[in-house]
Structure formats: C-alpha cells, structure tokens
Amino acid sequence: MYNEKMKSVSSDIVAKAAKGALKRRGVTINDIAEIVYEMQYPYNNGLTIKHCIGSVERVLNKREVQHALLVGVELDELAEKGMLSQPLQQLIESDESLFGVDETLAIGSVLTYGSIAVTTYGHLDKKKTGIIQRLDAKSGQNVHTFLDDLVGSIAASAASRLAHRIRDLEEAGEIITDKETI
C-alpha cells in the first residue's frame, strides 16, 4: 500500500544492495572489468584493467542498472529456492530458450549507453565471454538465468562508456594514458 510519508530509498543504499547482490552471487567487479578489457583493448592500446574497473564502477552507479540487478538476482534466488509459481518457476529454473525476459531486462539497462553497448551486449550474449560462461553453465543448484545477462549488460555498458570517453580524449588531443580514470 502506498504511504505518502514513505521516504525514497537513498542512492547509497540501492548501490550497496546491487553490489552486494553481485558479490553474493560470486561475481566481482574485476570479473566484469576483465570482459570490458577483452572487448576494448584491441581498440585502445593504453587501456588498463584499472580503467575498466573504473568504468564498471561508474555503470554500477546508474539506478537503471542497480534496479535491473536487484530484480534479476532476486528472481534467480527465488527460483533456486523453488519459491516462484508455476510455470514461471520452471521457465526461470531451466532458463527456457524462449523465455526472453532475462534478455529484455538486460537490454533495458544497456540502452542508456547507446548502440555500441547494445551490439556489444548481443556479442557477449552469444559468445558467453569470461564469467558469463560460468554463470550460463547451469551447474548444480545455482540459477543464473538473469545474472548472466545482467553481467553481460554491465560489461557492454562499461565498454561503450569507455569507447565514448576515449574518443572524447582523442578529440581533445589527449591519449588514454594521460588520464588515470576515464
């Protein structure tokens, strides 16, 4: 029920919860940054993993990304516990190939970063790069129907963000090594 006296949830609380959800599911910022590095290094010789970590951190500060993570991880965890109603339980638990809500949620969060992010997400969704492959493997009791796609969307967004920031540096006559964080 809506209560006019309810305060909005602070950005810090939402950010902490989203990062906590990743950690709880065994995904680190560095895991995602490694994907970003693999995607962007061929185009940017001065790129470092530190730049990629910074970009992932910036993407994780976006509310759209945080909200998508919180919803997706919650659904994965509820499916692991068998707490969803049928047929949703089976669709998520089995990562049904025609169930596209996981990709839809991921694409929704990636749209903020433009066409480079969208195409990079599509590539990552098909190739299952880095930790995405482990999350998609469907091993044991773990359900990562949403998380594998969300990690891909975060990596794609961070890669796109870097591509745009690096272009801005180039247009200003600077190179990536001129800046610690971009």
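The structure presented is a predicted model; accordingly, all values stated were derived computationally and were not measured.

Our next topic: the overall build of the protein. Along the protein, the regular secondary structure elements total nine helices and zero strands. Seen in sequence order, the protein has helices and strands lined up from the N terminus as α-α-α-α-α-α-α-α-α. Projecting the C-alpha coordinates of the protein onto the three principal axes gives extents of approximately 55 × 45 × 25 Å. Looking at the protein as a whole, 42% of its 182 residues qualify as buried. Carbon and sulfur atoms provide 53% of the accessible area of the protein, an area that totals close to 10300 Å². A gap of 6 Å separates the mean positions of the 21 positive and 26 negative side-chain charges of the protein.

A word on helix α7 (residues 114-127). Residues three or four positions apart in an α-helix share a direction because the helix packs 3.6 residues into each turn. Relative to the 20 Å expected for 14 residues at 1.5 Å per residue, α7 spans 20 Å between its end C-alpha atoms, a close match to the ideal helical length. Each element contacted by the buried residues of α7 is listed here: α2 (29-40), α6 (101-110), α8 (131-136) and α9 (147-171). Directly beyond the C-terminal end of α7, a positive phi value near 55 degrees is found at K128.

Our focus in this paragraph is the packing of aromatic side chains. Summed over the entire model, instances satisfying the criterion amount to two aromatic pairs. Seen in terms of ring centroids, F99 and F146 are 6.1 Å apart; in terms of plane orientation they differ by 85 degrees. Their pairing is edge-to-face. With F99 in the loop between α5 (88-93) and α6 and F146 in the loop between α8 and α9, the pair connects residues that are 47 residues apart, well separated along the chain. When sorted by exposure, F99 lands in the same class as F146, which is buried.

Helices that pack against each other are described as a pair by the angle of their axes relative to one another and the distance between those axes. For the pair helix α4 (residues 63-80) and α9, interaxial distance at closest approach is 9 Å and the crossing angle is 160 degrees. In terms of their interaxial angle, α4 and α9 are classed as roughly antiparallel. The interaxial crossing formed by α4 with α9 has left-handed handedness. Judged by residue contacts, V65, A68, L69, G72, V73 and D76 of α4 engage L147, L150 and I154 from α9. Split by residue class, the contact of α4 with α9 holds seven nonpolar, one polar and one charged.

Another point: the side chain of H144. On the secondary structure map, H144 appears in the loop between α8 and α9. Residue class for H144 comes out buried when judged on its relative accessible area of 10%. Dropping the residues within four chain positions of it, H144 is found in contact with R25, D76 and L135.

Turning next to the nonpolar core. Counting residues in hydrophobic clusters, the biggest one holds 47 residues, and the most contacted among them are V56, L69 and V151. Among the elements of the structure, α1 (11-24), α2, α3 (49-60), α4, α6, α7, α8 and α9 are those that each provide at least two residues to this core. Considering each element in turn, this core owes the most residues, eleven residues, to α9. Those residues in contact with V56 that lie beyond four places of it in its chain are I29, I32, A33, V36, I154 and A158.

Rules used throughout
- The numbers attached to residues start from 1 for each chain and follow its sequence in the written order.
- With pLDDT at 70 or above as the cut-off, local features in this predicted model cover only qualifying residues; side-chain atom pairs require 80 or more to be listed or tallied, and sums for whole chains, interfaces and linings still use all residues.
- The basis for the side-chain values is all heavy atoms of the structure; hydrogens and waters are excluded.
- Secondary structure elements are taken from DSSP: a helix is a run of H or I of four residues or more, a strand is a run of E of two residues or more, and numbering for both begins at the N terminus.
- Under the scheme applied here, a residue whose accessible area is under 20% of the maximum for its type counts as buried, over 50% as exposed, and between as partly exposed, the area being computed with a 1.4 Å probe on protein chains only.
- The Shrake-Rupley method, run with a 1.4 Å probe sphere, supplies the accessible areas, and residue values consider only the shown protein chains as cover.
- When charges are counted, neither His nor the chain ends are considered; positive counts come from Lys and Arg and negative counts from Asp and Glu.
- Taken as the charge location is NZ of Lys, CZ of Arg, CG of Asp or CD of Glu.
- Under the convention used throughout, the expected extent of a helix is 1.5 Å for every residue step, that is, one less than its residue count.
- Residue contacts are counted whenever heavy atoms from the two residues lie within 4.5 Å of one another.
- Working definition: a ring pair exists when centres of Phe, Tyr or Trp rings (six-membered ring for Trp) sit within 6.5 Å. Plane angles under 30 degrees give stacked, over 60 give edge-to-face, the rest tilted.
- Here the axes come from fitting lines to C-alpha atoms, over the contacting stretch only for helices, and the angles between their N-to-C directions go from 0 to 180 degrees.
- Our angle categories are set so that under 35 degrees counts as roughly parallel, over 145 as roughly antiparallel, 65 to 115 as roughly perpendicular, and the remainder as oblique.
- Handedness of a helix crossing follows the sense of rotation of the near helix relative to the far helix, less than a right angle counterclockwise being left-handed and clockwise being right-handed.
- Note on residue categories: nonpolar means Ala, Val, Leu, Ile, Met, Phe, Trp, Tyr, Cys or Pro, charged means Asp, Glu, Lys or Arg, and polar means any other residue, Gly included.
- Here the nonpolar core consists of buried residues drawn from Ala, Val, Leu, Ile, Met, Phe, Trp, Tyr and Cys, with membership extended through side-chain atoms lying within 4.5 Å.

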